[in-house]
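Inside the fold
One-letter residues, chain by chain:
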Amino acid sequence: MFKGSGRYAKGEIDYITTRKGGHNNAFTSLDYTAYYFSFAADRWDPALEIEADRMSNASFDADEFELERKVILEELKMELDSPWGALRQAVETRFFQRHPYRFPVIGNRRDLSKISLDDMKKHYRRYYCPSNAVLVIVGAFPLEATLVRIEKQFGEIPPGEAAVVETASEPVTREARRLTLNRASEVSRVLIAFPAPSIRQTDHFAAHVLECVLAEGKLARLYRRLVEEEGVASLVSTEFGETFDPHLFEVRLELREGVDPEKAISLLFEELTSLAARPVSSAELERARNQCITQLFEDFETTLDQAVQLGLLEVLDRFEYWNEYVERVRSVSAEDLQRIAGTYWSPDLSLTGVLSA
Amino acid sequence: MTDFGPVRYGRSLLENGLVCLVSDNTRIPLVSINAFVLAGSDQNPMDRSGLASITARLLDEGTRRFEHRQIAEIVEGTGGGLSIFSHRELTAVSLQLKAADLSTGLLLLAEMLRYPTFPMERFELERQKVLNHLRSLRDDPQTVGVQLFSRCIYPDSPLGFPILGTLEGVRALRLQEVREFHGRKYSPENTKLVIVGDVSPAETALQVAEHFSDWRNPHFERTRPPRPERQKTPILRRHVMDREQVHIYLGHLGISRDDTDFYVLQMLDVIVGSGPGFTSRIPRRLRDEQGLAYATFSDITGSSGLYPGRFMAYISTTAEQRNQALQGLLQELNLLLDEGVTDEEVETAHDYLTGSFLFDFQSNVNIARCLLAMELFDLGPGYPQRYGEIIRSITRSRIEQVARSRLDTLNYTLVVVGPEDEEFAE
């Protein structure tokens, strides 16, 4: 998408952006692909024309396609060379049996080698169209004149059809699953994945709050128990994001020298089980809610942050989610957290990946 | 008050030498409170790498008035955050709080900087965490490569060690050494406070004075490591790791931020190796045109500071393509030295640097970093307004002349990390 379209030769999009002192890039998530530009407000005029042109007129030269395949294979190798990258990919691809979330966003080696230029063109023609896209502009720009420009640039493009997302429901297996990676490693690493609510489920708010209870700051439960009190881990981190369908809550542990991964895993499960059994204190709840709200402000600090957040929400659900966020987080109760811990983050629903030293 | 468009700030100097910069940014209801103490890994004795870093990590582990749990309660209770990091030439203590919590934040900051208690059991816990982290970094080929590269660029200097230290250095640390390090290095004349957020500059300056004006340190001393010299012969280091990719680092000692060629080399960075997208030569040719790598760049100004940073060109690629990748990097650098740059490249770099400068002032943390740089490198209050003029005055012939005098494609350090290969070793 950066290698040429009807009006722009290869490299020209980057060139124009640079001459205007701007930045551009793109990223792909589990559910969507985003293209973005950042410019000073007095010089953003090329962005609309570029996006409109490459939405309908991308060139897709065969040689460029082969070069990019090589680059992506290098990116994949880089990810798999990293211990966390390899462990994460192993756990995430094994977790789901039916849902397309079982495929890594970057692709796997076999598919990347097989994909043809024709496959890519079909994908482009099907999904890159106005009915399946959201345009977000944030910053100091004149609203009315900009709406006219948008109509002019995008109005002539055939609307196409919005993608129908096939939601394959996952079979529920109530049995803790396990995988082991065999490779040389200086420290043992453990990645434990649990099912997590999608952004379209009300439980999403409470899950955010519970994530803070578990892992945000030095008072968080997992840090206190695993790092300070038991001394089994030197690092605890978690990951939980916004997805269209239910995806994952992940806990990562780097273990201290000589610690048996089984011990760390059982301590983690103990913490989660106790969260399901007993309500958190009101101070702990209030702290976690406050942490969520501060995080929200930080996520909206720059204009690019705002554009990305609004865009992803509109694609996945509706952008008003953010307007309600503070109120919804404030209304999360201790019982809600117990429900999340019991319903989603229960040991018998987890898949644990272990990379032993 | 200095005003340059979107960012305004005020500067005050306390009698004890503490500098305080305050900027009001009302976009979000938060405040970023930062103390930058010029006590980084540069102050470590050669056999005590990691000393500055562990001292910093213990600042929030107990003070005269608060034990570690209380500090965490104060910060996290209202949803705030605290990060403490050592760098090569300074330690940064940064609080991100709701703007209404400014006074609590300043009280806590004063406690951490002035009265840390360094409890023994917290020292041991932090030491174990650091040792484990250092072990885990040995699994990461990119970190291994950068560390090896630094050791070659800064031989016999604390600047050559990882900020966190080495396993040997951290194992050797004693708590008494941490206490002494704090006693000698943490001092008002050595500290810059930078506060950015939804706060009143006048009121903030008053509160700062309340918490810091009686801070004195008669034991203050600052050491300066020997000025690093650029290598005069080539150096090659190989490190074998069983991985698919090879990581190649090529370069030598760079420049300090006050170097007269700094801005010229910023232009060169944009043209050669760290411009946006694939506009600069190395990413365009090696990644976009040859498909050799996902990650490749070069840079000389990004690491400049009080001390010379490093000039480094980097590429990671499949092991079988290592020769091609290394030759590609060298070829680009030689081409630059032999044939120079084009007028169009110079114009593009002018436009990019002057047009993108405002992105440095988008977030509270970014603004704080810029204000610190202005203070530390004496850039002057009119620096943001002057920046465009400085950049636009740089000519093609000047860039070519500086490139030839500052980059060396004969006497460089080459670090290669990846699977074994006898042919490449030749």
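In the block above lies the structure referred to throughout.
Let me sum up the structure you'll find in this document. (Residues numbered from 1 in each chain as written. Chains lettered and ligands numbered in written order. Predicted model: local features only at pLDDT ≥ 70, side-chain atom pairs only at ≥ 80, totals over all residues. Heavy atoms only, no water.)

**Overview of the environment of Tyr15 of chain A**
By the element assignment, Tyr15 of chain A lies in helix 1 (residues 12-19). Residue Tyr15 of chain A is classed as partly exposed on the basis of its relative accessible area, which comes to 30%. Ignoring anything within four residues of it in the chain, the contact list for Tyr15 of chain A reads Thr279, Glu344 and Thr348 of chain B. Within the local environment of Tyr15 of chain A, its side chain forms a polar contact with the side chain of Arg19 of chain A, the two groups lying 2.8 Å apart. (Helix = DSSP H or I, 4+ residues; strand = E, 2+ residues; numbered from the N terminus. Buried < 20%, exposed > 50% of the residue type's maximum accessible area, 1.4 Å probe, protein only. Contact = heavy atoms within 4.5 Å. Polar contact = N/O pair within 3.5 Å; in protein donor to acceptor, adjacent residues only side chain to side chain.)

**Digging into the sheet that holds strand 12 (residues 413-418) of chain B**
Strand pairing in a sheet relies on backbone hydrogen bonds, with the paired strands running either antiparallel or parallel. Here five strands make up an open sheet; going across it, the order is 8-12-9-11-10 (chain B) and the pairing mixed. At either margin of the open sheet sits one strand with a lone partner, and together these are strand 8 (235-240) and strand 10 (296-299) of chain B. Averaged over neighbouring strand pairs, the angle between their axes works out to 10 degrees when direction is ignored. In the sheet, strand 8 of chain B pairs with strand 12 of chain B via six bridges, with the strands oriented parallel. Bridging from a neighbouring strand, Leu236 of chain B pairs with Leu414 of chain B of strand 12 of chain B. Helix-sheet contacts for helix 3 (residues 62-81) of chain A involve strand 9 (245-253) and strand 11 (310-318) of chain B, and the interaxial angle to strand 11 of chain B is about 100 degrees. (Pairing = 2+ DSSP bridges. Axes fitted to C-alpha atoms, helices over the stretch in contact; angles between N-to-C directions.)

**With respect to the sheet that holds strand 3 (residues 177-181) of chain A**
Residue and element names in this part refer to chain A. Within the open sheet, the five strands sit side by side as 3-7-4-6-5. Their pairing is mixed. Looking at strand neighbours, the two that pair on one side only are strand 3 and strand 5 (233-240), the edges of this open sheet. Here the strands of the sheet are splayed against their neighbours by 15 degrees on average, with no regard to which way each runs. In the sheet, strand 3 pairs with strand 7 (residues 351-355) via five bridges, with the strands oriented parallel. Note on strand 7: the bridge partner recorded for Thr180 is Val354. Of the strands in this sheet, strand 5 and strand 6 (248-255) touch helix 8 (residues 203-215), which is tilted by about 170 degrees from strand 5.

**Remarks on the interface of chain A and chain B**
A common way to state how big an interface is: give the accessible area lost once the parts meet. Every contact between the two is made by 55 residues of chain A and, on the other side, 61 residues of chain B. For the pair chain A and chain B, the summed buried surface comes to about 5200 Å²; carbon and sulfur atoms form 50% of the total. At the junction of chain A with chain B, the criterion picks out 14 salt bridges. When the shortest N-O distance is used, the salt bridge between Asp139 of chain B and Arg189 of chain A registers 2.7 Å. Looking at the side of chain A that touches chain B, the elements that each hand over two or more residues are helix 1, helix 3, helix 9 (221-229), strand 6 and helix 11 (282-299) of chain A. Element by element, the count of residues in the side of chain A that touches chain B is highest for helix 3 of chain A, at 10 residues. (Buried area = accessible area lost by both parts, 1.4 Å probe. Salt bridge = Lys/Arg side-chain N within 4 Å of Asp/Glu carboxyl O.)

**Brief notes about the packing of helix 8 of chain A against helix 14 (residues 334-343) of chain A**
All names here are of chain A. The interhelical angle for the contact between helix 8 and helix 14, taken along N-to-C directions, is 90 degrees, at an axis separation of 9 Å. In terms of orientation, helix 8 lies roughly perpendicular with respect to helix 14. Between helix 8 and helix 14, the contacting residues are Asp203, Ala206, Ala207, Val209, Leu210 and Val213 on the first element and Asp336, Leu337, Arg339, Ile340 and Ala341 on the second. Among the residues forming the contact of helix 8 with helix 14, the class breakdown is eight nonpolar, no polar and three charged. (Parallel < 35°, antiparallel > 145°, perpendicular 65-115°, else oblique. Nonpolar A, V, L, I, M, F, W, Y, C, P; charged D, E, K, R; others polar.)

**Some details on the pattern of salt bridges**
Applying the stated rule across the entire model yields 66 salt bridges over all chains. Glu73 of chain B is the salt-bridge partner of Arg287 of chain A, the closest N and O atoms lying 3.9 Å from each other. Note that Arg287 of chain A is positioned in helix 11 and Glu73 of chain B in helix 2 (residues 68-77), a pairing that runs across two chains. Given a relative accessible area of 8%, Arg287 of chain A falls into the buried group. Residue Arg57 of chain B is joined to Glu126 of chain B by a salt bridge in which the shortest nitrogen-to-oxygen separation is 2.9 Å. Of this pair, Arg57 of chain B sits in helix 1 (residues 51-57) while Glu126 of chain B sits in helix 4 (residues 120-137); the two residues are 69 residues apart in sequence, bridging distant segments of the chain. A relative accessible area of 25% places Arg57 of chain B in the partly exposed class. The exposure class assigned to Glu126 of chain B is buried, which follows from its relative accessible area of 2%.

**Describing the packing of aromatic side chains**
For any pair of aromatic rings, geometry is given as the distance between the ring centres together with the angle between the planes. Residues and elements named next belong to chain A. Under the counting rule described, the total for this entry stands at 30 aromatic pairs over all chains. Between Phe240 and Trp345 the ring centres are 6.3 Å apart and the planes differ by 75 degrees, which places this aromatic pair in the edge-to-face class. A residue pair is termed long-range when its members are at least 10 positions apart, and Phe240 in strand 5 and Trp345 in the loop between helix 14 and strand 7 qualify at 105 residues. Under the relative-accessibility criterion, Phe240 is labelled buried at 9%. Between Phe300 and Trp322, the aromatic rings sit 5.4 Å apart at their centres with planes inclined by 80 degrees, giving edge-to-face as the arrangement. With Phe300 in the loop between helix 11 and helix 12 (303-316) and Trp322 in helix 13 (residues 321-330), this residue pair connects regions lying 22 residues apart in the sequence. (Phe/Tyr/Trp six-rings, centres within 6.5 Å; stacked < 30°, edge-to-face > 60°.)

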